[in-house]
Amino acid sequence: MSEKKLKVVIVGGVACGPKAASRIKRLLPDAEVTIIEKGELLSYAGCGLPFYLSGEVHDYKELMCTPAGVVRDTHFFKMVKDVTVLNQTLVESIDRNKKAIKAVNTLSGKAIDIEYDKLVLAVGGTPFIPPIKGIDLKGVNFLSTIDDARKIHDEEKNLKGKNAVIIGGGLIGIEVCESFVKQGMNVTIIEKMDRVLPALLDPEMAYHVHNELQANNVTVLLNDAVVEIKGDDQGNVKSVKTTKTEVPSDLVLIAIGTKPNITLAKQAGITIGTTGAIAVNEFLCTSDPDIYAGGDCVQNIHLVSGKPIYAPMGSTANKHGRVIANNICGKESMFKGVLGTAICKVFTMNVARTGLSEQQARDEGYDFITVLNPSPDKAHFYPDAKLIIIKLIVDKKSRTLLGAQIVGPGDVAKRIEIVITSITNGAMIDNIANYDLAYAPPFSPAMDNIIHAANIAQNKLDGIGKSIPPVVVKEKMDINEDFILLDVRSPQEYEEIRIDDTRVKLIPLGKLRESLHQLDKSKEIITFCKISLRGYEAQRILEGAGFRNVKFLDGGIVCWPYKKFVK
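Residues numbered from 1 in each chain as written. Predicted model: local features only at pLDDT ≥ 70, side-chain atom pairs only at ≥ 80, totals over all residues. Heavy atoms only, no water.

**Student:** Can you break down the overall build of the protein chain residue by residue, with the values?
**Tutor:** What the protein chain contains, in helices and strands, is 16 helices and 32 strands. A compact globule built from 567 residues would reach a C-alpha radius of gyration of about 24 Å, and the protein chain, at 27 Å, matches this within 12%. Seen through its C-alpha atoms, the protein chain measures out along the principal axes to roughly 95 × 60 × 40 Å. Per-residue burial for the protein chain yields a buried fraction of 51% across its 567 residues. A separation threshold of at least 6 residues defines the contact pool for the protein chain, and within that pool the share at least 24 residues apart is 63%. Side-chain charges of the protein chain comprise 70 positive and 68 negative groups, with the mean position of each set lying 1 Å from the other. (Helix = DSSP H or I, 4+ residues; strand = E, 2+ residues; numbered from the N terminus. Rg over C-alpha atoms; globule rule 2.2 N^0.38 Å. Buried < 20%, exposed > 50% of the residue type's maximum accessible area, 1.4 Å probe, protein only. Contact = heavy atoms within 4.5 Å. Lys, Arg positive; Asp, Glu negative; His and termini not counted. Charge placed at Lys NZ, Arg CZ, Asp CG, Glu CD.)

**Student:** Outline the nonpolar core, listing residues and values.
**Tutor:** Judged by nonpolar contacts, the single largest core of 46 residues is most densely connected at Phe-180, Leu-201, Leu-213, Val-346 and Val-351. Of all hydrophobic cores here, the second largest spans 33 residues; its members include Ile-369, Ile-388, Ile-418 and Ile-423. (Core = buried A, V, L, I, M, F, W, Y, C linked by side-chain atoms within 4.5 Å.)

**Student:** Hey, could you go over the sheet that holds strand E11 (residues 186-190) for me, with residue numbers and the actual values?
**Tutor:** Across the sheet, which stays open at both edges, the 5 strands sit in the order E9-E16-E10-E11-E12 with parallel pairing between neighbours. Whereas interior strands pair on both sides, the edge strands pair on one side only; in this sheet they are strand E9 (140-141) and strand E12 (219-221). Here 4 bridges tie strand E10 (residues 163-167) to strand E16 (residues 251-254), and the two strands are oriented parallel to one another. Bridged to Ile-166 within E16 is Leu-253. (Pairing = 2+ DSSP bridges.)

**Student:** Describe the pattern of salt bridges, listing the residues and the values that go with them.
**Tutor:** One pass over the structure, following the stated rule, counts 35 salt bridges. The residue Lys-118 makes a salt bridge to Asp-290 at a minimum N-O spacing of 2.7 Å. Pair noted here: Lys-118 is in strand E7 (residues 118-121) and Asp-290 is in the loop between helix H7 (263-267) and strand E18 (291-293), with a separation of 172 residues, a long-range link. In this structure, Glu-228 engages Lys-133 in a salt bridge whose closest nitrogen and oxygen atoms are separated by 3.9 Å. (Salt bridge = Lys/Arg side-chain N within 4 Å of Asp/Glu carboxyl O.)

**Student:** How would you explain the sheet that holds strand E6 (residues 111-115) if you had to name every residue and give the values?
**Tutor:** What the 3 strands build is an open sheet, ordered E4-E5-E6; its pairing is antiparallel. Each of the sheet's edge strands pairs with one partner strand only, and the pair in question is strand E4 (89-95) and E6. Taking each pair of neighbouring strands and ignoring which way they run, the sheet shows an average axis angle of 25 degrees. In the sheet, strand E5 (residues 100-105) pairs with E6 via 5 bridges, with the strands oriented antiparallel. Directly across from Ala-103, in E6, lies its bridge partner Ile-112. (Axes fitted to C-alpha atoms, helices over the stretch in contact; angles between N-to-C directions.)

**Student:** So, the environment of Ser-22: which residues are in play, and what are the values?
**Tutor:** Locating Ser-22 in the fold gives a position in helix H1 (residues 16-27). Classification of Ser-22 by relative accessible area gives buried; the value is 8%. Sequence separation between Ser-22 and Val-83 is 61 residues; the distance between their C-alpha atoms is 7.9 Å.

**Student:** Could you give an account of the packing of H1 against helix H8 (residues 314-328), naming the residues involved and the relevant values?
**Tutor:** The relative placement of two packed helices comes down to the angle between their axes together with the axis-to-axis distance. At a minimum axis separation of 7 Å, H1 and H8 run at an interaxial angle of 35 degrees. With respect to the hand of their crossing, H1 and H8 are arranged in right-handed fashion. Along the contact surface, H1 presents Cys-16, Lys-19, Ala-20, Arg-23, Ile-24 and Leu-27, while H8 presents Ala-317, Asn-318, His-320, Gly-321, Arg-322, Ile-324, Ala-325, Asn-326 and Ile-328. Looking at the contact of H1 with H8, its residues break down into 8 nonpolar, 4 polar and 3 charged. (Left-handed = near helix turned anticlockwise from the far one by under 90°. Nonpolar A, V, L, I, M, F, W, Y, C, P; charged D, E, K, R; others polar.)

**Student:** How would you sum up the packing of aromatic side chains? Please name residues and give values.
**Tutor:** Under the definition given, this model contains 3 aromatic pairs. Seen in terms of ring centroids, Phe-76 and Phe-77 are 5.5 Å apart; in terms of plane orientation they differ by 90 degrees. Their pairing is edge-to-face. Here Phe-76 and Phe-77 have matching classes, each one buried. Ring geometry for Trp-560 and Tyr-562: centres 5.1 Å apart, planes at 75 degrees, overall edge-to-face. Lying over the aromatic face of Tyr-562, Lys-474 brings its terminal NZ or CZ to 5.4 Å of the ring centre. (Phe/Tyr/Trp six-rings, centres within 6.5 Å; stacked < 30°, edge-to-face > 60°. Lys NZ or Arg CZ within 6 Å of the ring centre and 35° of its normal.)

**Student:** Explain a nonpolar patch on the surface to me, and be specific about the residues and the numbers.
**Tutor:** On the surface, a nonpolar cluster with roughly 320 Å² of combined accessible area is contributed by Phe-381, Tyr-382 and Tyr-439. Among the secondary structure elements, Tyr-439 is positioned in the loop between helix H11 (429-432) and helix H12 (449-461). Here Tyr-439 falls in the partly exposed class, since its relative accessible area comes to 42%. (Patch = residues over 30% accessible without salt bridge, like charges linked within 9 Å, V, L, I, M, F, W, Y side chains within 5 Å. Areas by Shrake-Rupley, 256 points an atom, 1.4 Å probe, with all protein chains shown as cover.)

**Student:** For the layout of surface pockets, give the residues involved together with the corresponding values.
**Tutor:** Quantified by volume, the second largest pocket comes out at close to 320 Å³. Around the second largest pocket, the lining is made up of 17 residues, and of these Asp-194, Arg-195, Asp-202, Pro-203 and Glu-204 lie nearest the centre. Those elements giving two or more residues to the lining of the second largest pocket turn out to be helix H6 (203-215) and helix H9 (358-363). Top element by residues in the lining of the second largest pocket is H6. It accounts for 5 residues. Here the lining of the second largest pocket is built from residues that sort into 8 nonpolar, 2 polar and 7 charged. (1 Å grid on protein atoms, 1.4 Å probe; cavity = no way out; pocket = protein on both sides within 12 Å on 5 of 7 lines; lining within 4 Å. Points joined across faces, edges and corners; volume = space filled by probe spheres on them.)

Shown next, in the form of structure tokens:
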């Protein structure tokens, strides 16, 4: 008598589901694996949709291909993977007692009953739909699937020179913004928070992204909310009304977030977590030992805070698929959690972040310091060296990293990945400062940016470097505190760009020792230069001369996110 084959049913395609199916068939070739997908298309790179809209990906089918150029459709999965695919099929219910699902073909209406030994929920998430009047007008779009992208792509053909409004300044909104600009559209982003990418970046880092958007003729409306989308008598969108203004529009993209698909799990009595997504353990098993879940429908554990987090990401969904498959096939595998890592491109600006933001660290009760380090991503003399600004959040007690944010036209990916590895492995700042990173002028400075940032952190933790963040300096200005802003740059640099404030006093660093008599020891002195390397030197010189209330401005004038005089 032959051994009973393992029957695995996977609900959902795109990333997690197909990844789990493929891995199961590699580990257990005799397993009977069925994927049920409600849409027509099975497996595609959803994160590539903005680049299809921009024209960088010429054909949406490229998002469905393997690296060898083979389309990952139902035929591919059957012939290559020996996986049965039921697309355009909607799962209506799960009978956990009978270990069976009920589904219906959305074209024919035919009912389908399938039994399982193990069930995988990879049902993803859906765009959050706000209760805004006019949301059903023609020209109002979401971007979640290839069908969504194709719809927008077809409309764009006739929209050159017309107006696009993006509601939401998060990752999707920012990435699609560039796509619309490349199509020749006039773009406005409306964000209810005080900055773009509010879930990812602290204010002083988001400032640089804001400037990049404006430099590319994108209108950014902050601290504003949409109250209505207005249409013409033909049912086409014509404008977006906010709490402050009204913006003409021929196309609207709503990109205010994603929510997990939990309806099926909830109906089956599977535990839903505190984030509103499906709760899973470290093996990605739900509260039912025979049902696993992964991708955008589940919550993860944050590796720094140890708390549940909802952080939908295509890379995470693929990892989930592999871990789920391993565990179904008896190969114990754990998924410990995520850091909320994200990276994106905003025209010529690169943006990356991981771990906790400053506000999140504060909310979690950490005692921490921050570091701002602006510097070129390659040796300063190398022809295409470009600026990047690193912000580190460092726990005072453990001297370990809590998080990082990096922005700039230079290479941010290399540095954020060093941070990710360090946080994951609990490395102290002191370890990072001595990493044997690869060096040659075309790739990095002799002291890589992340090592330099770690050195700054060491100085601060050891009480040698004493700094003050730009936001605190601005608060002091606003309440008219009496202090000295000591600019130690050259007169030429001062004439080209400067902080325009009566408290600013210019004394070049080379003349500081002979000019100490010009400074009032009773006042707080905040030193700065272009990137505060000289500002730090000035702080040490003044402390050595007996000044007791001296700090340098974090990041110097490059990181000053407020109004500056520019020649």
